[in-house]
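Observations on the three-dimensional arrangement
Single-letter residue listing:
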Amino acid sequence: MAAMRSEWTGARRIVVKIGSALLVDSAAGKLRTEWFDAFADDIAALRAEGKEVIVVSSGAIALGRNALGLPKGALKLDDSQAAASVGQISLAHAFEDRFRARGMVAAQILVTLGDTEERRRYLNARSTMSTLLKLGAVPVVNENDTVATNEIRYGDNDRLAARIASMMSADCLVLLSDVDGFYTAPPGMDENARRLDEVPDITAEIEAMAGDVGSELSRGGMVTKIEAAKIAVQAGTHMVIASGKVIKPLQTLATTGVCTWFLAHSDPVTARKRWIGGSLEPRGAYVVDAGAAAALVSGNSLLPAGVTQVEGVFERGDAVIIRTGDGAEVGRGLTAYGADDASAIIGRKSSEIADILGYLGRPELIHRDDMTLKRKGS
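Predicted, not measured: the structure shown is a model, and the values here were computed from it.

It is worth spelling out the sheet that holds strand β14 (residues 307–312) at this point. Ordered in space as β14-β13-β15-β16-β17, the 5 strands form an open sheet in which the pairing is mixed. Of all the strands in the sheet, just β14 and β17 (371–373) have a single pairing partner and so form its edges. Strand-to-strand twist in this sheet, taken as the mean axis angle between neighbours without regard to direction, amounts to 20 degrees. Here strand β15 (residues 319–324) pairs with strand β16 (residues 329–334) via 5 bridges, running antiparallel. Within the sheet, the bridge partner assigned to Val320 lies in β16 and is Gly333. With respect to the sheet, helix α12 (residues 268–278) is in contact with β16 and β17, its orientation differing from that of β16 by roughly 105 degrees.

All right, on to the pairing of β16 then. The antiparallel pairing of β15 with β16 creates a hairpin that spans 4 residues between the two strands, and Gly327 there sits at a positive phi of about 95 degrees. Pairing geometry for β16 and β17, over 3 bridges, is antiparallel. Pairing of Gly331 across the sheet is with Leu373, part of β17.

Here we come to the sheet that holds strand β7 (residues 172–177). Pairing in this open sheet of 8 strands is mixed, and the strands run β5-β6-β4-β1-β7-β11-β12-β10 from one edge to the other. Two strands close off the open sheet at either side, each with one partner strand: β5 (105–111) and β10 (198–199). Where strand β1 (residues 13–18) meets strand β4 (residues 52–57), 6 bridges bridge the pair, whose relative direction is parallel. Bridging from a neighbouring strand, Arg13 pairs with Glu52 of β4. In this fold helix α5 (residues 77–101) packs onto β1, β4, β5 and β6 (137–143), with an angle of close to 155 degrees to the strand it touches most, β5. Contacts from helix α11 (residues 249–256) reach β1, β7, β11 (238–243) and β12 (259–262) within the one sheet, and its direction differs from that of β7 by about 110 degrees.

This next bit is on the packing of helix α3 (residues 33–48) against α5. α5 packs onto α3 with a crossing angle of 55 degrees between their chain directions and a minimal axis gap of 10 Å. With respect to α5, the axis of α3 lies oblique. In this structure, α3 crosses over α5, and the sense of that crossing is right-handed. Here Thr33, Phe36, Asp37, Phe39, Ala40 and Ile43 of α3 come into contact with α5, specifically with Ala94, Phe95, Arg98 and Phe99. Here the residues of the contact of α3 with α5 sort into 7 nonpolar, 1 polar and 2 charged.

β7 sits mainly inside the fold: 6 of its 6 residues count as buried. Pairing of β1 with β7 involves 4 bridges; the strand directions are parallel. If you follow Val16 over to β7, its bridge partner there is Val174. Both β7 and β11 contribute to a ladder of 6 bridges, which runs parallel. Opposite Leu176, over in β11, you have Ala242 as the bridge partner.

Turning our attention to the nonpolar core. Taken as a class, soluble globular proteins show a tendency for nonpolar side chains to be buried jointly. Counting 46 residues, the largest nonpolar core has Val141, Ile164, Leu173, Phe182, Met239 and Phe262 as its most contacted members. Once you skip the residues sitting within four places of it in the chain, Phe262 turns out to touch Phe182, Val199, Ile202, Ile226, Ala229, Val233, His238, Met239 and Ile241.

Moving on, we come to the packing of aromatic side chains. Overall, the coordinates contain 6 aromatic pairs when judged by the stated rule. Centre to centre, the rings of Tyr122 and Trp275 are 5.8 Å apart; their planes meet at 50 degrees, and the pair counts as tilted. Of the two residues, Tyr122 is situated in helix α7 (residues 119–134) and Trp275 in helix α12; the sequence distance between them amounts to 153 residues. With a relative accessible area of 27%, Trp275 lands in the partly exposed category. When the centroid spacing of 5.7 Å and the interplanar angle of 90 degrees are considered together, the rings of Tyr286 and Phe314 count as edge-to-face. Of the two residues, Tyr286 is situated in strand β13 (residues 284–288) and Phe314 in the loop between β14 and β15; the sequence distance between them amounts to 28 residues. Just as Tyr286 is buried, Phe314 falls in that class too. Members of the aromatic cluster, each reached through a chain of ring pairs, are Phe36, Phe95 and Phe99.

Basis of the calculations
Residues numbered from 1 in each chain as written. Predicted model: local features only at pLDDT ≥ 70, side-chain atom pairs only at ≥ 80, totals over all residues. Heavy atoms only, no water. Pairing = 2+ DSSP bridges. Helix = DSSP H or I, 4+ residues; strand = E, 2+ residues; numbered from the N terminus. Axes fitted to C-alpha atoms, helices over the stretch in contact; angles between N-to-C directions. Contact = heavy atoms within 4.5 Å. Parallel < 35°, antiparallel > 145°, perpendicular 65-115°, else oblique. Left-handed = near helix turned anticlockwise from the far one by under 90°. Nonpolar A, V, L, I, M, F, W, Y, C, P; charged D, E, K, R; others polar. Buried < 20%, exposed > 50% of the residue type's maximum accessible area, 1.4 Å probe, protein only. Core = buried A, V, L, I, M, F, W, Y, C linked by side-chain atoms within 4.5 Å. Phe/Tyr/Trp six-rings, centres within 6.5 Å; stacked < 30°, edge-to-face > 60°.

Right under this line is the structure:
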């Protein structure tokens, strides 16, 4: 049972993806209110358990096209963007009303591909959502279909949800689907298809089993879910595919265990540190004094006061090396400032940043969550 699995019970931060087919009645072009109300109950129950929840939702285009009287079937890009701009208002109000009735605050986050791919925007998005979670809000994320073109869009919310889970170091990603898990073959096409309870590794055989089981309002299918699983598990996030067609789907997941788990082999923090330390090409360096080096080893962020020199040309969000004056590498991290601004504030107190730069920046040059330290002897 899922309730007995540590991947579920131990998850502190959960990302839940819901698709248009679950949220919108395709015939009427309106929200499925009974399902939506029960889903809000699910989210409230998780929050009551002390868990942080991020919802990745689609449905704006499906709602907007009905309001605008657009025909069924594929839409031209202009019509699709127009529908999204109308539907996003309805969708945001729907989440706000339901969450507020249950003592929760909903926050709308609209993203495009660049927000999770370009490191400067990545840091901004991560910081905003981290602050919202810290303040007790529930971020509701959707691709910004009003401005995203075919060349700069995700195209499906499975991969968007996986990118958000990776960005936010989530412990668990839940994909609520019109099927109750991952099958050895598309269940509607093969009567011998069986659901897998667990996928410890995404092999070529697993990829070959994926088929297109998307419905009219869903751009996804098992192919995109496998792609999402790859992103999630590489980031240290366990992913589960479960049925969203039932009332209170998250409660059902927790009590019945009917689902498929894709297992990560490291935790999100370890995976993120490995990404920062080994996958990014450093663009420069911060030279730190002995006190700052000791503070970093103790788990603190890198503050301007402890930096004696800035080396290289880099922008906010780039990876930089942290080293001592004698050249010993202390660690690496994602810088919150470009080289020019960093050069202006090093050696100074964080409280002086606004006066020096003319804007209130972040108090640290590199936050400890965006940093990995070099092991002794390595």
